[in-house]
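What follows is the residue order along each chain.
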Amino acid sequence: MGRPALEVADIFREHGPAWREAQRGHLSLAQLKVMSAITQCRTAALGGHVLRCEGCRTDQIAYNSCRNRHCPKCQSTAAQRWLDARQADLLPVEYYHVVFTLPAPIADIAYTNKASIYGLLFDMAAEVLQTIAADPRHLGARIGATLVLHTWGSALTHHPHVHGIVPGGGLSLDGMQWLACRPGFFLPVRVLSRLYRRRFLEELQLLHKAGKLQFFGEHVALADAQSFRQWLAPMRACEWVVYAKRPFAGPSAVLAYLSRYTHRVAISNSRLLALDERGVSFRCKDYRAKGKTRYKAMTLSPEEFMRRFLLHVLPSGFHRIRHYGLLANGNRRLGLTTARQLLGVHADATQAIAGEAAANDDPNSKPPTFVCRHCGRPMVIVLLLAPESSIRAPPRAAAR
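Note that this is a predicted model, so its numbers are computed, not measured.

Caption draft 1: Layout of the pairing of strand β11 (residues 279–285). Across the seven residues of β11, five count as buried, placing the element largely inside the fold. Bridge analysis of β11 against strand β12 (residues 295–300) gives six bridges, and the strand direction is antiparallel. For K285, the partnering residue across the bridge sits in β12 and is Y295.

Caption draft 2: Looking closely at the sheet that holds strand β13 (residues 321–325). Strand order in the open sheet formed by five strands is β9-β3-β6-β5-β13, with antiparallel pairing between adjacent strands. The open sheet terminates on both sides in strands that have one partner only, identified here as β9 (242–245) and β13. Between one strand axis and the next, the sheet turns by 25° as a mean value, whatever way the strands run. Both strand β5 (residues 144–152) and strand β6 (residues 158–167) contribute to a ladder of six bridges, which runs antiparallel.

Caption draft 3: A look at the pattern of salt bridges. Using the criterion set out here, one finds 15 salt bridges in the structure. Here R24 ties to E21 by a salt bridge, and the two come within 2.7 Å at their closest N and O atoms. According to the relative accessible area criterion, R24 is exposed, its value standing at 60%. Here E21 falls in the partly exposed class, since its relative accessible area comes to 47%.

Caption draft 4: Summary view of the environment of R264. Considering the arrangement of structural elements, one finds R264 in the loop between α8 (251–261) and β10 (272–276). The spatial distance from the C-alpha of R264 to the C-alpha of R69 is 9.0 Å, given a sequence separation of 195 residues.

Caption draft 5: Broad picture of the pairing of β5. The element β5 is extensively covered by neighbouring structure, given that nine of its nine residues are classed as buried. With five bridges joining them, β5 and β13 adopt antiparallel strand pairing. Within β13, the position partnered with L147 by the bridge is R322. In this structure, the hairpin formed by β5 and β6 is closed by a connection of five residues, where L156 is found at a positive phi of approximately 70°.

Caption draft 6: Up close: the nonpolar core. Of all hydrophobic cores here, the largest spans 49 residues; its most connected members are F100, I106, L129, Y196, F200 and L204. For this core, the secondary structure elements donating two or more residues are β3 (95–101), α4 (104–110), α5 (114–134), β5, β6, α6 (189–209) and α7 (225–232). The greatest single-element share of this core, amounting to 12 residues, is contributed by α5. In this view, L204 contacts I106, I117, L120, L213, F228 and L232; residues no more than four positions away in its chain are not counted. Membership of the second largest hydrophobic core comes to 29 residues, among which are L6, V8, W152 and L272.

Caption draft 7: Looking closely at the packing of aromatic side chains. According to the stated counting rule, one finds 11 aromatic pairs in the structure shown. Look at Y196 and W240: their rings are 5.4 Å apart centre to centre, the planes differ by 80°, and that puts the pair in the edge-to-face class. Here the residue Y196 occupies a position in helix α6, and W240 occupies one in the loop between α7 and β9, the gap between them amounting to 44 residues. Using a relative accessible area of 2% as the deciding quantity, one classes W240 as buried. Taken together through their ring pairs, the aromatic side chains of F100, Y196, F200 and W240 make up a single cluster. Over the face of the ring belonging to F318 we find R322, whose NZ or CZ atom lies 4.6 Å from the ring centre.

Conventions we followed
Residues numbered from 1 in each chain as written. Predicted model: local features only at pLDDT ≥ 70, side-chain atom pairs only at ≥ 80, totals over all residues. Heavy atoms only, no water. Buried < 20%, exposed > 50% of the residue type's maximum accessible area, 1.4 Å probe, protein only. Helix = DSSP H or I, 4+ residues; strand = E, 2+ residues; numbered from the N terminus. Pairing = 2+ DSSP bridges. Axes fitted to C-alpha atoms, helices over the stretch in contact; angles between N-to-C directions. Salt bridge = Lys/Arg side-chain N within 4 Å of Asp/Glu carboxyl O. Core = buried A, V, L, I, M, F, W, Y, C linked by side-chain atoms within 4.5 Å. Contact = heavy atoms within 4.5 Å. Phe/Tyr/Trp six-rings, centres within 6.5 Å; stacked < 30°, edge-to-face > 60°. Lys NZ or Arg CZ within 6 Å of the ring centre and 35° of its normal.

Below, the structure written as structure tokens:
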């Protein structure tokens, strides 16, 4: 696949320096690092290697990737590695897709409290799913869930929400049987929404009481406890959008879906249309429209495009993919083994899945990393190119 005609890196290279200077003091260190990484990705600045084809002896230079999780060019291989690792976790049951969103006022304060409120969004979505599923009036089972954070809308606006991928059933509370959902139905959305709203607001109030929320600009008055309670009051009556989509068409469809969602960034290079005197044009989706008219082109000034893109830089060390319940890292192996036994999945089938995963880890069974674009033969590294040296601090004053 050739290089896209326009990349996010091109926009940062052409308009980033002037905008960065104009925004001096207003951009975080994490945002500056993302700009630098995307600009340098697959350029001589990061070094690389010279490749030689074993067939036609053609030489080719390949530069290193930045591997930043916000870079549009670095996510496809990361997604594939993650999917290969998750292949053995799939169960032969229906899988459901649920989404938990936040009201716009809370999304506004989430931008300046990303770690606290995004983390709360994860925890409350997982808690609500497990609480309602454990209720004997609904399912009465211990379930598992994989949650993925997205913080953007199609127009790059700030719209934090989590996508949940959930098996259609779980272990009974005594762990002795597998309890499946009704075909085509997971859990009542209205019940999920009401409990999610109540629990989120309770925990948000506790975060405020503990002094873990920061407020700036038009929200600075919310630092006062009484003002914050009054501000929260309308949120207790409005609808919190939680929705569930129809079940996936088998485990393979789950993987196909995850491959598009787990490592997605705010905008891919394939959505960019043009960079000209009018600004940056890109494809977006208008969710209020129906049919083909919902797909439109939007044009923003380069400065506004960069501002919106950097809205979605996550705090350092923040995990945007998390597993809960039966799929939690601490008990995944035991939970999945028990589930397979209760579902009647034979041990040889499980071993075959594990063997396939192990084969994928075998370097001798993998296809070549580099393939010649001319003859299709493998290419080998014949020379390493050192990255350009960068000055990370002012030089020390010479001793007199």
